[in-house]
Structure formats: structure tokens, C-alpha cells
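Chain and residue survey
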2 protein chains.
Amino acid sequence: MAASEVHLLDGGTLEMDGFHVFWNRGPGGPVRIPCYSVLVVHPDGNILYDTGYDLDHVLRVLPFEKPLQSEIQTIPAQLALLGLSPGDISTVAISHFHFDHCGGIKHVPDAKVVAHRLEFEAAGNPEPFEVLGYSDLSFSSELGRRRGETGPAGATEIGDRPALELDGRFVPVDGDVEIAGGVHLVATPGHSRGHYSLMVELSGGASLIFAGDAIYTQRSLDLECIAGFHYDPVASIKSMRRLKTLAEERRAEIFFSHEAESYATYLKAPAHY
Amino acid sequence: MAASEVHLLDGGTLEMDGFHVFWNRGPGGPVRIPCYSVLVVHPDGNILYDTGYDLDHVLRVLPFEKPLQSEIQTIPAQLALLGLSPGDISTVAISHFHFDHCGGIKHVPDAKVVAHRLEFEAAGNPEPFEVLGYSDLSFSSELGRRRGETGPAGATEIGDRPALELDGRFVPVDGDVEIAGGVHLVATPGHSRGHYSLMVELSGGASLIFAGDAIYTQRSLDLECIAGFHYDPVASIKSMRRLKTLAEERRAEIFFSHEAESYATYLKAPAHY
């Protein structure tokens, strides 16, 4: 069993500094980056990998990232391009709970949500340098309560807490996981504690790897230069090398998460791989 | 037994981007930062903590850091301000082997050199993002051989290697170490694998803490914002908090490593604490 089709769902753009994109290398200055999600059409049910950012959240909490997102660049509108509605999604798999990847989970309230167990911990109790990354907790009232409030002022307290009690739609996982035939969550920690990349085997034989934030751009891979935003740079380098090796072994194309140049060459919904 | 005097030895300045000084926060743009060393005058022998950068090395390997260092801002000239020569130094303690802290070791060839054992490993086998930091290996021909050459092109190979054989002047240590009465190397890993800060108890009763690159600036401490250059951000935050607590307990002043504003207020050799 393998996936039938893969669609890239456009989610608009954000602006960050070149030093955010290329850690310590830059060059500095504003860089506009795309954000997108991936719909995997599968005989066992449709899977959405990541969900982009929520425009209102970014305008309220991170307006300096200058979001550009039209109505057509939201999850419901992108699904509608394919004749689908949120109810047609059975599983949402999240690379990590940074705001620009989890902001659209709320549009798919009936799907189960698969993510690494450490991402639930991180979102509920981030390091000081992760507070803005994990600022959109709209997808989980329990995580929101744990942080006191959703927003940059939350989560300065570090310490032992009772185990997280998530509602039943959330499925914390660990290690590499095949969430459906030929649809693999590939553990690539470093950018965040429990980051997952996605590898999809298509029924036609091709394999696609969506690096997620393990690799922002082609240059990142070429230079082994991770993003400025990260939890563990040593693990990040290992994860980048793992994806490079995996792509070579599977002869798979790697899709980068946040690069205008490569994104311009990708097929976007309603087109598909 | 405690230290008699502490002298700050001026080592010139370098330029980096604001995103290097304040990780992911900036603001971006050029920031000129001081580099300095610390001479601890002690009844058991004079101790030098850090040694600044070597001008020729920076001009050759990292010219974009635009070094400004006059002849008077070298270790021999700074010692001469105090009527001392390199032969009067018995111990050099190094916070970490980044080029702007180890560049003057070669001026003190007869002193023993104390550093964390992990720093010798890091300098001999850096992560890709550490190669420029550990680019000046002029202090150790063995480390230089291990890297193949001193310079940014070295050390791309990662793997198991035979144990490092250092010549007898090098003293690898681990954990907190009192290297002379009242002179403490305080383990503050994160910026680099084996970073040490320095705490000096003066015979007059005051204690001084030299954070080294565990805390670049006052704003870094206020915001818990580490430098862009780091090995382990989670450990970095812990180390910063450790120094803050230690300073409160000892009522010690914290000296920041790379901030023009605070540096302007510090006493410099020939003056002393």
C-alpha cells in the first residue's frame, strides 16, 4: 500500500532575517519565506502534514514577521481547491508545534493529530528561546492552560509538572513511525525536540521527502548550515545528514521548508505529485 | 589564601552582527565588541584567564570580523604595563579554545595551560558550525596535526580517533576546579562543550566573576538571550542562570565578555581590582 497523490497546500509567506535562515552565516537582511502544508491522498484516509500559520495569531503576537496570507492560502480554501473539506482529513501529522506549522490544526477539529511526544512537552514548557516559536497553542486548550496563556508572555517557569493529559484526538509518538502504508514520519530532532520529517512512497514508485524545518533551503543542505531557530544544533546536523543519506538511498527528492526559490519550482495544489 | 589583584588586559576589538551577539533577537547590523584577558596576581603564581585573539590569524582567516588591535593590545605589551613579562605567568586558564580567547597562548610558552578536557576534543574535532571558532590552533602542534591544518578548511571529518596526546604543558580538567586558593574555574558549558567562567576571591574580601562567553552582555543576562555562537543552547541557559545565582550568593560583580558599554566602565591595566 502506498500513497496515491501528494499535494502542496500554499500557506502564504513570512519575513525573517537572513541570520534566522542561515545560522550565524546570514547574510543579514529581510528574507521572505514560504510556508506550506502537504496533503497525502491515501487509500486508508487523507493525511495532512503540517498546517501553516494562523494569520490573526501572527499579526497579534509576531507582527514583525510581516505575514502575507490571502483567504485562498488557508487550509479550508486549499482543500476546497481539491474538492475536499476538513472533514475529509483523517490524520494531521505535525512536524513540530511551532506556530507556522500548527496554526491550521484548528481547522481540522475531527482528525487525529499525530506528533512526537516531546513536542507536546516542549509546547507546554518551552525553553526561554522557544517561547515565541511555541506561541500558538490554539489547537489544545490543555496546553494553553499549562502555559497560563497563549502568547509570548507565557512559560517562563521551568520545573517538574504533572504529566500532560491530552484529549483523545492527540496521538503522541516516538521514533520513526509509518502512519499509513508508505507514509513515514522520520525522526529528525534538533530544530525542535521532537521534529519529524515526512517521507511518502507514491504508488507510482517515486519517493518524496519533506524535510520540514530540518532543512530550510538547498543552500542549508549544501553548507550544512542549520536555521537560527533550533533546540540542539548537534542533533540538527545529524538529522540533516540522515535526510541526505535517506534521499540518496531512496532516490527521493527533498522538499525544503522555507525557501522561495525552490518553492517556486514545486507543484502546488490543485496540481499534484 | 586568595588573590591579591586582578587586572583586565585589553586585547582590542572585533566586529560581528547583532544576531551573533543576541541569538535570533538582534537587532542586526555591525556591533564592535571588546576582547580582553584577565591577570590574577596570586601568592602562588600569576594566572592568566584567556589570552585574546591573534591579529594575523584574524586578518588571514576571519577578516570580516575587522579586527582592531594595536601593538599595546597584545599580551606581552599588556604585561609590560605592569612590569611583567610572559615568564612571570605560571598558569594560563582558558575559558574555551575559540580563536578570540586562545590566540595569545603562544606568547606564554612556559606556562601550564588549563582548560576543560572537552575543549581539547572540540578543537581537534569540531562540529561543522564550530570550524571557524576553533580555527586558531597555533597553541598546539598536536591539535593542528589532528585537524590537518589550522584554518577554516580543516576538520570536516567526524569519527572516532585515537586519544589525544597533548604535550605536558596542557592540563585537561573537568567540573569545577579551584586552580589556586580563591581562584575558581566554574563549569559553564553551552557556548562551547567545556566552557569555564572564572570566579576570583580577592584578599580584600570582594569576589569577581568573569562570565566569559557564557554571558556576552548585561542585556544577554537580562533577557536570558545567549550568543548566536553556541554548542548547546539548553546548557547555555542553565549556565547563565548558574552564574546569576552564584553572583547573588557571593555578592560578586559579573564581568561580561563582549560588550563595549560595560567594558568602558571596567578598570583596565595598569589599574586593578
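1. Some thoughts on the interface of chain B and chain A
At the interface, 18 residues of chain B touch 18 residues of chain A. When chain B packs against chain A, close to 1700 Å² is buried across both sides, 64% of that on carbon and sulfur atoms. Along the contact surface separating chain B from chain A lie zero salt bridges. Elements that contribute at least two residues to the side of chain B that touches chain A include exactly helix H1 (18–21) and helix H8 (233–250) of chain B. Considering each element in turn, the side of chain B that touches chain A owes the most residues, four residues, to H8 of chain B. Counted by class, the side of chain B that touches chain A contains 10 nonpolar, four polar and four charged residues.

2. Quick notes on the pattern of salt bridges
The tally for this structure, following the rule as stated, stands at 16 salt bridges over all chains. One salt bridge in this structure joins Asp54 of chain B and Lys106 of chain B, with 2.8 Å as the shortest N-O distance. Here Asp54 of chain B, found in the loop between strand S3 (46–49) and helix H2 (55–61), pairs with Lys106 of chain B, found in the loop between helix H4 (99–102) and strand S5 (112–116); they are 52 residues apart in sequence, far enough to count as distant. Residue classification places Lys106 of chain B among the partly exposed positions, given a relative accessible area of 38%. Within the structure, one salt-bridge network assembled from shared partners comprises Glu15, Arg32 and Lys66 of chain A.

3. Details of the packing of aromatic side chains
Residues and elements named next belong to chain B. Enumeration over the complete set of coordinates arrives at 23 aromatic pairs over all chains. Measuring from centroid to centroid gives 5.1 Å for Tyr36 and Tyr263, while their planes differ by 25 degrees, and the two rings are stacked. Of this pair, Tyr36 sits in strand S2 (residues 30–41) while Tyr263 sits in helix H9 (residues 260–265), and the two are 227 residues apart along the sequence. There is no split in this pair, since Tyr36 and Tyr263 are both buried.

4. Focus on the nonpolar core
Grouped together as the largest cluster of nonpolar side chains are 83 residues, with contacts concentrated most on Phe210 of chain A together with Phe210 of chain B. If we skip the residues at most four places from it in the chain, Phe210 of chain B touches Val6, Leu8, Tyr36, Val38, Tyr49, Ser197, Leu198 and Phe255 of chain B.

5. What about the relation of the copies chain B and chain A?
Taken as rigid bodies, chain B and chain A are interconverted by a rotation of 180 degrees and an axial shift of 0.0 Å, the fit giving an RMSD of 0.0 Å. Here the transformation between the copies is reduced to the relation of a two-fold axis. Of all interface residues in chain B, 100% are interface residues in chain A too; the two copies therefore contact each other through one and the same surface.

6. A few points about the sheet that holds strand S11 (residues 253–255) of chain B
Residue and element names in this part refer to chain B. As summarised here, the arrangement of the five strands in space is S7-S8-S9-S10-S11, forming an open sheet in which the pairing is mixed. Strands at the two margins of the open sheet, each flanked by one partner only, are strand S7 (177–180) and S11. Taking each pair of neighbouring strands and ignoring which way they run, the sheet shows an average axis angle of 25 degrees. Examined bridge by bridge, S7 and strand S8 (residues 183–187) share three bridges and lie antiparallel to one another.

Cut-off values and rules
Residues numbered from 1 in each chain as written. Chains lettered and ligands numbered in written order. Predicted model: local features only at pLDDT ≥ 70, side-chain atom pairs only at ≥ 80, totals over all residues. Heavy atoms only, no water. Contact = heavy atoms within 4.5 Å. Buried area = accessible area lost by both parts, 1.4 Å probe. Salt bridge = Lys/Arg side-chain N within 4 Å of Asp/Glu carboxyl O. Helix = DSSP H or I, 4+ residues; strand = E, 2+ residues; numbered from the N terminus. Nonpolar A, V, L, I, M, F, W, Y, C, P; charged D, E, K, R; others polar. Buried < 20%, exposed > 50% of the residue type's maximum accessible area, 1.4 Å probe, protein only. Phe/Tyr/Trp six-rings, centres within 6.5 Å; stacked < 30°, edge-to-face > 60°. Core = buried A, V, L, I, M, F, W, Y, C linked by side-chain atoms within 4.5 Å. Least-squares fit on C-alpha atoms with pLDDT ≥ 70 in both. Pairing = 2+ DSSP bridges. Axes fitted to C-alpha atoms, helices over the stretch in contact; angles between N-to-C directions.

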